[in-house]
Amino acid sequence: MVGYLLIESRDPFDWNDVSQFYDLAANLAKSGNQVTLFLVQNGVLPARKCVHSEALSAVARAGVDVLADEFSLDERGIAIGALVTGVSAAALDVVVDQLAEGRKAMWH
Amino acid sequence: MADKKTLTFALMDAPFETARTTTALRLIDIAARRGYDINVFAYEGAVFVPFALQKQHANPIHGHPEVEEEDHPLPREWVSALIAEAEKNGGKIDWVNCGLCVDERGAGESVEGVRRGTPGDFWEMASASDNTLVIATK
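Residues numbered from 1 in each chain as written. Chains lettered and ligands numbered in written order. Predicted model: local features only at pLDDT ≥ 70, side-chain atom pairs only at ≥ 80, totals over all residues.

Q: Whenever I open this one, the overall build of chain A confuses me. Can you help?
A: Looking only at helices and strands, one finds 4 helices and 5 strands in chain A. Its helices and strands in sequence order give chain A the pattern β-α-β-α-β-α-β-α-β, from N to C terminus. The C-alpha radius of gyration computed for chain A amounts to 12 Å, which stays within 12% of the reference 13 Å derived for 108 residues, consistent with globular compactness. Viewed in the frame of its principal axes, chain A has a C-alpha envelope of about 35 × 25 × 20 Å. A burial count over chain A gives 44% of its 108 residues as buried. If you take every contact in chain A between residues at least 6 apart in sequence, the share linking residues at least 24 apart comes to 72%. (Helix = DSSP H or I, 4+ residues; strand = E, 2+ residues; numbered from the N terminus. Rg over C-alpha atoms; globule rule 2.2 N^0.38 Å. Buried ≥ 20, exposed ≤ 12 C-beta atoms within 10 Å, placed from the backbone. Contact = placed C-beta atoms within 7 Å.)

Structure below.
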């Protein structure tokens, strides 16, 4: 199974289409695929409790591995302990790991 | 290196504007430190990332009236450093600037190691790579 790597760089406060990207990740997982949703830049903002964070937790419950870039979290003052359920902090190296293993990758 | 990989990145953003450039260069840095072979196809404003005429400036608002005090970072220096890092670790970076994009913008002067090409180069790079990531503007 090749799997998918979806990279979300946008935050749902500014971009309405972020929810569609979340849906894509969740639906790919529900279809039996291995999926990582990697949050980077302002994409990490809903990883701390806010009006959009439940949508992110729902993606995780669908079976998606939801990761947030440690550097982006640090830049925005979001402590790892403040991440909502289902989201884990990770180094950007994960993206290169999964590119190298051949995941189908999409940047948003 | 048995597990040596080849990755291709397509960039579209001009420097000094978005976090996407920073993230792209962070990804390339990780791959370079692993000794991977890396292809970069710079399209549209991204052809200015390795632009050789970028200059530092002072910033009195920061309390740095002299250029040296501000030490403003320049993407062209990062590109040169990444090319050197890849070579140090047994890999290489083939950085191709889209020629049409270069001509439109007058961005012909690039740092050493950057060459001129066409979108056809991107297709060839992607075809020969283990994976490709397109970091589009919007």
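Q: I tried to follow the interface of chain B and chain A on my own but got confused; where do I start?
A: Interfaces are often sized by the accessible area lost when the parts come together. In this assembly, 15 residues from chain B lie in contact with 12 residues from chain A. Sorting the residues of the side of chain B that touches chain A by element identifies α1 (19-33) and β5 (131-135) of chain B as the ones contributing at least two each. At 7 residues, α1 of chain B tops the list of elements feeding residues into the side of chain B that touches chain A. For the side of chain B that touches chain A, a count of residues per class yields 9 nonpolar, 2 polar and 4 charged. (Nonpolar A, V, L, I, M, F, W, Y, C, P; charged D, E, K, R; others polar.)

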